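Working through the structure, step by step
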Amino acid sequence: MQQVETFNVSRIEQLLYFKKFCRRFDIQTIIFDGDDTLWKTQPIFTRVFDNAAMSISNDLQLPVQTTRRQIAKLHNDLYTTHSVSLQRWNVLVDQLSTLYPLNNTLQEQLRSNFEKMFDTPLSLLPGTKDGLDFLTSDPELPSLAIVTHANPDWTWKKYRWLNLDQYFDWDDVYTIDDHLYKDTQTWSEAMNFYKVKPENCLVVGDSPRADINPVNQLGAPCSFLIRNPCLWSVHNVAVNETKTKLIDNINDLRYLGQYVTSFRG
């Protein structure tokens, strides 16, 4: 997949060319996924899964790597049956209990540790602050919005932890029902909420399955996939590389002006 390369001109030229790019494609709204696009979420899950595997393996004298792989498989399967509903954590513990002779104390410990994930403050990904500063630096730039697939209460916590009110009103953060899926239907509903057509959206996400493919199918003129070497396997599917480019973080959007050859128009 083609990577967006650095555009080595001054900051003001990057801004002017980026504005030209947005006019060229009639971009009215830039929509971001949240988790692992703007802020780090996966490391919290990874740490909790690692600790769960360690606890089970230590208690039952099992190889940690085998247990860890089993937890990952169950978690991926639960995305298919339960989406990102909070109910899936109790189901995960129940399923682990059918595979391993977990005592009640260990089961409750696992449930508690999974619940604590949602009270753990997050941090922005590298490049997010600089990218948002750039994208809010001129009143002529497109509006910004977030479409995230998460429980609304957890989303509100992230909004406060990360001081996102500097860049987004709370009404600019759309949460897709955590019992549903991020697909063409729910992405279409999100765009309708923002009163914008897909052909007027620039979309950035980290999931080919849940972000990139749905918006490409809806008719977004361009989409950008965040490079994520640790992407959940269930989300790692092929994309239309004629419409999608790879970026390291959202600050790379400032380089899009290189695809416009002049200031005219």
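Refer to the structure above for everything that follows.
Rules of the game
Residues numbered from 1 in each chain as written. Predicted model: local features only at pLDDT ≥ 70, side-chain atom pairs only at ≥ 80, totals over all residues. Heavy atoms only, no water. Pairing = 2+ DSSP bridges. Helix = DSSP H or I, 4+ residues; strand = E, 2+ residues; numbered from the N terminus. Axes fitted to C-alpha atoms, helices over the stretch in contact; angles between N-to-C directions. 1 Å grid on protein atoms, 1.4 Å probe; cavity = no way out; pocket = protein on both sides within 12 Å on 5 of 7 lines; lining within 4 Å. Points joined across faces, edges and corners; volume = space filled by probe spheres on them. Nonpolar A, V, L, I, M, F, W, Y, C, P; charged D, E, K, R; others polar. Buried < 20%, exposed > 50% of the residue type's maximum accessible area, 1.4 Å probe, protein only. Right-handed = clockwise from strand over helix to strand, strands pointing away. Salt bridge = Lys/Arg side-chain N within 4 Å of Asp/Glu carboxyl O. Phe/Tyr/Trp six-rings, centres within 6.5 Å; stacked < 30°, edge-to-face > 60°. Core = buried A, V, L, I, M, F, W, Y, C linked by side-chain atoms within 4.5 Å. Contact = heavy atoms within 4.5 Å.

Further remarks concern the sheet that holds strand 3 (residues 173-176). If you trace the six strands from one edge of the open sheet to the other, you get 3-2-1-4-5-6, paired in parallel fashion. One side of each edge strand has no neighbouring strand; the edge strands of this open sheet are strand 3 and strand 6 (244-247). When strand polarity is set aside, the average angle formed by the axes of neighbouring strands in this sheet is 25 degrees. In this sheet, strand 2 (residues 143-149) lies alongside strand 1 (residues 29-32) in parallel orientation, the contact comprising four bridges. Bridging from a neighbouring strand, Ile31 pairs with Ala145 of strand 2.

Before going further, it helps to examine the layout of surface pockets. In this model, the largest pocket occupies a volume close to 210 Å³. In the lining of the largest pocket, the residues fall into six nonpolar, four polar and four charged. The calculated volume of the second largest pocket comes to roughly 170 Å³. Along its surface, the second largest pocket is lined by 14 residues, and Pro208, Leu225, Asn228, Leu231 and Asn236 are the ones closest to its centre. Here the lining of the second largest pocket is composed, by residue class, of ten nonpolar, two polar and two charged.

Turning to the pairing of strand 4 (residues 201-205), a few remarks are in order. With respect to burial, strand 4 is a largely interior element, five of its five residues being buried. Here strand 4 shows a buried face lined by Cys201, Val203 and Gly205 and a second buried face lined by Leu202 and Val204. Here strand 1 pairs with strand 4 via four bridges, running parallel. Across the sheet, residue Ile30 finds its bridge partner in strand 4, namely Leu202. Across four bridges, strand 4 lies against strand 5 (residues 222-226) in parallel orientation. Its bridge partner being in strand 5, Gly205 is matched across the sheet by Leu225. The handedness of the strand 4 to strand 5 crossover, carried by helix 9 (residues 208-218), is right-handed.

With that out of the way, let us pick up the pattern of salt bridges. Scanning the entire structure with this criterion turns up twelve salt bridges. Across the pair Lys19 and Glu140 runs a salt bridge whose closest N-O atoms are separated by 2.9 Å. Placement of Lys19 in helix 1 (residues 11-24) and of Glu140 in the loop between helix 6 (128-135) and strand 2 is noted, with a sequence separation of 121 residues between them. What makes Lys19 buried here is its relative accessible area of 12%. Its relative accessible area of 58% is what places Glu140 among the exposed residues. For Lys182, the salt bridge identified is with Asp211, shortest N-O distance 2.7 Å. A residue pair is termed long-range when its members are at least 10 positions apart, and Lys182 in the loop between strand 3 and helix 8 (184-193) and Asp211 in helix 9 qualify at 29 residues. Both residues of the pair, Lys182 and Asp211, belong to the buried class.

The subject of this paragraph is the packing of aromatic side chains. A complete count under the given rule lists 21 aromatic pairs for this structure. Look at Phe118 and Trp154: their rings are 4.7 Å apart centre to centre, the planes differ by 85 degrees, and that puts the pair in the edge-to-face class. Of this pair, Phe118 sits in the loop between helix 5 (104-116) and helix 6 while Trp154 sits in helix 7 (residues 152-161); the two residues are 36 residues apart in sequence, bridging distant segments of the chain. With relative accessibility at 10%, the residue Phe118 sits in the buried group.

Before going further, it helps to spend a moment on the nonpolar core. One finds Phe32, Phe114, Phe168, Leu202 and Leu253 to be the most contacted residues of the largest nonpolar core, which totals 59 residues. Among the elements that make up this core, the one with the highest residue count is helix 2 (residues 42-60) (seven residues). In this structure, Phe114 is in contact with Val48, Phe49, Ala52, Trp89, Leu92 and Val93, ignoring residues within four places of it in sequence. Counting residues in each nonpolar core, the second largest holds 14 residues, with Ala145, Met191, Val196 and Val215 among its members.

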